[in-house]
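Coordinate analysis (summary)
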Amino acid sequence: MTLITCIEDLRLLAKRRVPRMFYDYADSGSWTESTYRANEEDFGKLKFRQRVAVDMNNRSLRSTMAGQEVSMPVAIAPTGLTGMQHADGEILAARAAEKFGIPFTLSTMSICSIEDVAAHTSKPFWFQLYVMKDRDFIERLIERARAARCSALVLTLDLQVLGQRHKDLRNGLSAPPRLTLANLLNMASKPRWCLGMLGTRRRSFGNIVGHAKSVSDMSSLSSWTSQQFDPGLSWNDVEWIKQRWGGKLIIKGIMDAEDARLAANSGADALIVSNHGGRQLDGAPSSIAALPGIVEAAGKDIEIHMDGGVRSGQDVLRAVALGARGVYIGRPFLYGLGALGEAGVTRCLEIIRNELDITMAFCGKRDIQHVSREILLP
Ligand code: FNR
């Protein structure tokens, strides 16, 4: 088996194994991709203080995120079409997260449905909600998440309109993929992926098809999203959703101090500093650059999480040092899934945990709960 030592190894293997349309969907950002690149690059600008001769026995990465115990402060981010990176992808990733003791977040735009994932896991997972125009459908999704015993609702606020991703348009992204000659030739060169897909019946949007009134044609994902998602979404809708859900609520997509204060006032349990992995507003700062300002503005009133560009345990530690209670990983787990299925997601999590543990020790800390800004150079 190929030796996998870091997230980049998983990315390269996934690139070989996943059809171009779906690999590109994961590995791209909007327009010039400047925010997508900055998310990763800005982490590298934060330098650690190396400490020595400090007792490093009995280290602990245990923490909580939105009140849930986690074996390390990392959760799996919601990502659409995950079941196209690998057959039954959401189920496999949820299982890997469950075994690892970290939260898995299922996207509204998943291939495996809420019920599919619930039937194949034993611990509660989190559900991510997009606000669509059809409010009856939103209510039904909330009901389904409740019935599946989801333990938190992650409400994404940064996709009222869709950022253009050039590659998705060029590739004619759809699920299931349209059987054009180019797609067929490309898929034929990915035999493992094809075999997996032949062995599952889950090849389209599990939460949407057959449920939302207005769904007729999802052949073009970008035009479908712009028809269905609600550009009129406001903080009143957040209140409406909070009331209907009644459980833990995490608001995703906050990049501005003023919005962070509004999120804190909304009574949500946590907010995620996120620019959607550089897939929405190109030209926005990186999430790690935005984090300190948001912690300062609202960190006393609401738990702060972040995502975007986390590619190592070092990055997790940097985010925690700057005040994030936990981080989410999107592409790293997708690369793991595309490369090696469930084993690849597990490998991704092992890599991040080991890097986090050892880097924390280098910085002279034994407990992730005691990590603060002092581990970074000013
Ligand atoms: C996403 N993201 C996302 N977010 C969300 O709330 N609902 C969704 O359905 C999706 N779909 C999605 C698909 C793909 C392929 C990617 C890469 C991302 C954004 C995601 O939750 C998260 O914010 C970013 O992925 C974090 O950045 P990294 O870790 O990918 O750099």
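Residues numbered from 1 in each chain as written. Predicted model: local features only at pLDDT ≥ 70, side-chain atom pairs only at ≥ 80, totals over all residues.

An unreviewed UniProt entry lists the protein under the name L-lactate dehydrogenase, from Pseudoduganella guangdongensis. Taken directly from UniProt, the Cofactor (unreviewed entry) text for the protein runs: "FMN". Per its UniProt entry, the protein bears the Sequence similarities (unreviewed entry) comment "Belongs to the FMN-dependent alpha-hydroxy acid dehydrogenase family." (UniProt positions renumbered as here; feature names shortened; annotations may be inferred.)

**Observations concerning unusual backbone geometry**
Glycine aside, negative phi is the norm for most residues, and most peptide bonds take the trans geometry. Cis geometry marks the peptide bond from A175 to P176; its omega dihedral reads -5 degrees. Within the chain, E33 stands out as a residue other than glycine whose phi angle is a positive 65 degrees. Its location among the elements puts E33 in the loop between α2 (20–26) and α3 (34–44). A positive phi angle, near 60 degrees, is found at L81, a position not held by glycine. Along the chain, the position of L81 falls in the loop between β3 (74–76) and α4 (89–100). (Helix = DSSP H or I, 4+ residues; strand = E, 2+ residues; numbered from the N terminus.)

**Here we look at the site of the ligand**
Taken together, 23 residues surround the ligand, and among them A77, S107, T156, G277 and G330 come closest. Split by residue class, the shell around the ligand holds seven nonpolar, twelve polar and four charged. (Near = placed C-beta within 6 Å. Nonpolar A, V, L, I, M, F, W, Y, C, P; charged D, E, K, R; others polar.)

**A few points about the sheet that holds strand β4 (residues 105–106)**
Read across the open sheet, the eight strands follow the order β3-β10-β9-β8-β7-β6-β5-β4; overall the sheet is parallel. Both outer strands of the open sheet, β3 and β4, are each paired with one neighbouring strand and no more. In the sheet, strand β7 (residues 249–254) pairs with strand β8 (residues 270–273) via four bridges, with the strands oriented parallel. Paired with K252 across the strands is I272, a residue of β8. Most of the contacts of helix α13 (residues 287–298) go to strand β9 (residues 303–307), to which it runs at about 170 degrees, and overall it touches β7, β8 and β9. (Pairing = 2+ DSSP bridges. Contact = placed C-beta atoms within 7 Å. Axes fitted to C-alpha atoms, helices over the stretch in contact; angles between N-to-C directions.)

**A short note on the environment of L153**
The topology assignment puts L153 in strand β6 (residues 152–156). Overall, L153 belongs to the buried group, with 26 C-beta atoms counted inside 10 Å. L153 sits 177 residues away from G330 along the chain, and the two C-alpha atoms are 17 Å apart. Discounting chain neighbours no more than four positions away, the residues touching L153 are F127, L129, A145, W245, G247, K248 and L249. (Buried ≥ 20, exposed ≤ 12 C-beta atoms within 10 Å, placed from the backbone.)

**Brief notes about the environment of I254**
By the secondary structure assignment, I254 is in strand β7. Assessed through the 30 C-beta atoms surrounding it within 10 Å, I254 is described here as buried. When the C-alpha atoms of I254 and K45 are compared, they prove to be 22 Å apart, with 209 residues separating the residues in sequence. If near-sequence neighbours (up to four positions away) are discounted, I254 is found in contact with D259, A260, A263, L271, I272, V273 and I294.

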